[in-house]
Amino acid sequence: MNAFPCLSRALLLLVAVAQLTYNPLAMCEGFAGVAGRPTSHHSKGATKSESALSYSRQICSFDSDDFALPTGDWPYTDADMNRLDNSDDQNFYSEPRFVTHIDDYAIQSLTEYYAEEMGETSRQKKESGLEAEGKVDVLDLCSSWISHLPTDVPFGRVVGVGMNKQELETNKQLTEHYVQNLNINPSLDQFGDNSFDFVCNVVSVDYLTKTREIFEETNRILRPGGKCLISFSNRCFPSKAIAMWLQADDIDRLTIVASYFHYASEWNSIEALDIKIPAAETPERPGLGEMFSNPAKGFAWASTASAIAKVKGGDPMFVVKGVK
């Protein structure tokens, strides 16, 4: 009689194994990002970023020849920037949202990426004598109650520009903040030329309708060698995202953001990165005989494999980086 409970557990385990073995989401092309898709848009493949950071993988870099028009021309129309809900954004953002819009692993990937990019700049500033403590100045555009900045990088000025005063006041990483609707007033004239080492925008570029002016201003306020980091995933509020974003896939969205850089201003380099930290490899599955004789070993494998599958099937995380 003691065999029946053991057999029941083993059968349950086999069901779990079957679910992990056939995971249609994990098998969908492009589900976890563009890695593995056919290269396009002048992609050089999923190689290491030019900055040789640990986790970021370069999807492609962009040259002026990759775009139909020269810098200074603007190819996008009002129809491209149209939204399902064109009402005042102030109404949409009037109530604070103390939530995150990407999953925990995507947030971890973004913070790790920031730590490497900003840490590298901090070291360069300190070694060159530009800043004794290597403090980095950051502008967080479309900021909220959290900026996902690392805790092990020395920061100087960290400024948030966002829509909700209560969210900005809650953000402990900010040294100052401004409530500003960039779709009505894209000017950043409260900041002088060459004021920041980084300008960041997290999962919000798809809501911006005055991108030409914003990217021009971003170039102006960055210091020489400064970096603009535009990060996004595959989630959005569809009613507030621009039309051409909703019609695009991940590769097209990378190209759209890169084109904002190119058409608005001159940049030393523009590249698209996959910054999602690679998940661990799934451990080898025990044989069926092992799982029947030792169900605990099988359940341990199933638990580990399930966690890894969840990470691999989570939110992708991309950055388009422009270096001034």
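Draft legend 1. Spotlight on the overall build of the protein. Secondary structure assignment for the protein yields 10 helices and nine strands. With 324 residues in all, the protein has 46% of them scored as buried. Across the protein, the fraction of contacts at a sequence separation of at least 24, relative to all contacts at a separation of at least 6, is 74%. Summing over all exposed atoms, the protein offers an accessible surface of approximately 15600 Å²; the carbon and sulfur share of this is 53%.

Draft legend 2. Up close: the pattern of salt bridges. Under the criterion given, the structure shown has 15 salt bridges. Taking the shortest distance from any N to any O, the salt bridge between K321 and E117 comes out at 2.8 Å. Of this pair, K321 sits in strand β9 (residues 318-323) while E117 sits in helix α4 (residues 104-128), and the two are 204 residues apart along the sequence. There is no split in this pair, since K321 and E117 are both buried. A salt bridge links K227 to E120, with the shortest nitrogen-to-oxygen separation between them at 3.6 Å. Taken together, the positions of K227 in strand β7 (residues 222-232) and E120 in helix α4 put the pair 107 residues apart, joining distant regions of the chain. Under the relative-accessibility criterion, K227 is labelled buried at 10%. Salt bridges here are not isolated pairs; linked through shared partners, they connect E117, E120, K227, E271 and K321.

Draft legend 3. Looking closely at the packing of helix α6 (residues 211-221) against helix α8 (residues 250-264). Two elements in contact, α6 and α8, have axes whose closest approach is 9 Å; the angle formed by their N-to-C orientations is 65 degrees. As far as their axial angle goes, α8 and α6 are roughly perpendicular. In this structure, α6 meets α8 at a crossing whose hand is right-handed. Contacts between α6 and α8 involve T211, R212, F215 and E216 on the former and, on the latter, V257, Y260, F261 and A264. When grouped by side-chain class, the residues that make up the contact of α6 with α8 number five nonpolar, one polar and two charged.

Each value, and the rule that gives it
- Residues numbered from 1 in each chain as written.
- Predicted model: local features only at pLDDT ≥ 70, side-chain atom pairs only at ≥ 80, totals over all residues.
- Heavy atoms only, no water.
- Helix = DSSP H or I, 4+ residues; strand = E, 2+ residues; numbered from the N terminus.
- Buried < 20%, exposed > 50% of the residue type's maximum accessible area, 1.4 Å probe, protein only.
- Contact = heavy atoms within 4.5 Å.
- Areas by Shrake-Rupley, 256 points an atom, 1.4 Å probe, with all protein chains shown as cover.
- Salt bridge = Lys/Arg side-chain N within 4 Å of Asp/Glu carboxyl O.
- Axes fitted to C-alpha atoms, helices over the stretch in contact; angles between N-to-C directions.
- Parallel < 35°, antiparallel > 145°, perpendicular 65-115°, else oblique.
- Left-handed = near helix turned anticlockwise from the far one by under 90°.
- Nonpolar A, V, L, I, M, F, W, Y, C, P; charged D, E, K, R; others polar.

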